[in-house]
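A closer look at the structure
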Amino acid sequence: MDLETFISAAAAAGASDLHLESRMPLATRVRGTLRVSGEPIPPQILTEMARSLIGEEQWHVFLERRSFDLSKTIHGVRCRINILQTSRGVGLAIRLLSSFQATIEKLNLHPDVKKFVRHTSGLILVSGPTGSGKSSTLAALIQEINLAEARHIITVESPIEYSFRPRRSYIRQREVGRDTPSFEQALLDALREDPDVLMVGEMREPETMRLTLNAAETGHLVLATVHSSTCAEALQRVVGSFPAEIQGSISAQLADCLVGVISQRLRFRPELNIRVPECEILAPTHAVKAFIRMRDFFKIASALETGADHDMWTFQRYVKWLDSRTNWFIPGQNPEPPDSEAADTGADAMPLPALASPKPAKAGGSPKPSAPPNPGGRLEIEPLEGGLEHILKNLK
């Protein structure tokens, strides 16, 4: 009875979540339905699992907070794990992430979503209830940029769920608690790190929302998630998180920098045997911006109904599009392209390498020819001989 066995069985059953609790049988969520099976798990086994996952160096953090978040690849499955203390002992809540690299096509999203990431500045909000696939959609939008343009992307997540392999973009991923103490500090740092695109895993606190809006207003494209069931509720949630006396200025700031809002929910389609996102998509027309400035969020529903010409989608219209769709991506059935992502080995921090010492030049040696330009247009980064010390010496 070990964690790899549990993860393997849950993945084989097509589960999206796995719950382990002391003195209780395991529970899995398959296609949105919770299923309980097996024998109660002894608390000693779960404590050993938790300690092994967290590690001895961080175990004291769990004992102080009584909770711990991390992400890890277990038995070939990328997992987001929350370890918690309950009245029965230690428990684990595990989200099993997609085994493929998230893209717009592979998530079966509408192509109109791609238009949002063509902007060079502003705010894109992805909303929905817990477990609706917000993180996957956010990852697909980042991957769309990564495959198309050379931009500097910084992500701030808690924890890192999808590990990106830089293609045309230069990507830095930071995990709250491991690489930075908080979302706030990471956003303050990011503004000094020359980013083109910022991804904020989740906007929870008003200070995080304020810094996110400031970044979107100062020439960066910012992608963030918020918990809500509709586009109007997402905008209202952001504004309502601030004190009443500054909500007017926040509404104006939000209206000025908004690029779009995607609100989604997952719906199981029995004919495909997969869950597919159903979306509501809001574009910031002049009317929508006026509603946001005046905080008339209840009027946004009517703008969505009449906004089909502006690439807006209501849930009802989006479902009709799904019903008429014929080309679907089904995991395990569709062949992967030859340039598919390699399997993740985890987002654990790697030790910093020592700087290489300069190598003496060989007598009579000829200079090494430079590599030819890359015809594919990808961003290729190769280490220079001699390391940092050699570069500094040449600058003197």
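Rules used throughout
Residues numbered from 1 in each chain as written. Predicted model: local features only at pLDDT ≥ 70, side-chain atom pairs only at ≥ 80, totals over all residues. Heavy atoms only, no water. Helix = DSSP H or I, 4+ residues; strand = E, 2+ residues; numbered from the N terminus. Contact = heavy atoms within 4.5 Å. Areas by Shrake-Rupley, 256 points an atom, 1.4 Å probe, with all protein chains shown as cover. Pairing = 2+ DSSP bridges. Axes fitted to C-alpha atoms, helices over the stretch in contact; angles between N-to-C directions. pLDDT = per-residue confidence, 0-100. Parallel < 35°, antiparallel > 145°, perpendicular 65-115°, else oblique. Left-handed = near helix turned anticlockwise from the far one by under 90°. Phe/Tyr/Trp six-rings, centres within 6.5 Å; stacked < 30°, edge-to-face > 60°. Buried < 20%, exposed > 50% of the residue type's maximum accessible area, 1.4 Å probe, protein only.

Quick look at the overall build of the protein chain
Tallying secondary structure elements over the protein chain gives twelve helices and 13 strands in all. Here the analysis covers contacts within the protein chain between residues at least 6 apart in sequence; of these, 61% occur between residues at least 24 apart. Of the roughly 20,800 Å² of accessible surface on the protein chain, a fraction of 53% belongs to carbon and sulfur atoms.

Some thoughts on the sheet that holds strand S8 (residues 152–157)
Within a sheet, neighbouring strands are paired by backbone hydrogen bonds and run either parallel or antiparallel to one another. Pairing is mixed across the open sheet formed by seven strands, whose spatial order is S9-S8-S10-S11-S7-S12-S13. At either end of the open sheet lies a strand with only one pairing partner, and these are strand S9 (170–175) and strand S13 (274–282). Strand after strand, the sheet turns through a mean of 20° between neighbouring axes, direction not considered. Of the strand pairs in this sheet, strand S12 (residues 258–269) and S13 are connected by nine bridges, and their pairing is antiparallel. Directly across from Gln264, in S13, lies its bridge partner Cys279.

Description of the confidence of the model for the protein chain
When pLDDT drops low, the exact placement of atoms in the prediction is not to be read closely. Averaged over all residues, the pLDDT of the protein chain equals 85, while 84% of them reach at least 70. In this model residues 337–385 is a low-confidence stretch, pLDDT under 50, and it forms 45 contacts with partners more than four residues away in sequence or in other chains.

Quick notes on the packing of helix H6 (residues 206–217) against helix H8 (residues 247–257)
A pair of packed helices is captured by two measures, namely the crossing angle of their axes and the spacing between those axes. Relative orientation of the contacting elements H6 and H8 amounts to 45°, with a least axis distance of 9 Å. With respect to each other, H6 and H8 are oriented oblique. Where H6 crosses over H8, the two elements pack in a sense that is left-handed. Here H6 contributes Leu213, Asn214, Ala216 and Glu217 to the contact with H8, which in turn contributes Ile250, Gln253, Leu254 and Cys257.

Observations concerning the packing of helix H5 (residues 183–190) against H6
Close contact between H5 and H6 brings their axes to 9 Å; oriented N to C, the two are set at 15°. One way to sum up the angle between H5 and H6 is to call them roughly parallel. Between H5 and H6 lies a crossing whose hand is left-handed. Touching Phe183, Glu184, Leu187 and Leu188 of H5 are Glu207, Thr208, Leu211 and Thr212, all from H6.

A closer look at the packing of aromatic side chains
This model, assessed by the stated rule, comprises four aromatic pairs. Taking 5.1 Å as the distance between ring centres and 35° as the angle between the ring planes, the aromatic pair formed by Trp59 and Phe62 counts as tilted. Remark: Phe62 and Trp59 occur in helix H3 (residues 59–65); sequence separation between them is three residues, near one turn of the helix. Like Phe62, Trp59 is buried. The structure contains a cluster of three or more aromatic residues connected by ring pairs, namely Trp313, Tyr318 and Trp321.

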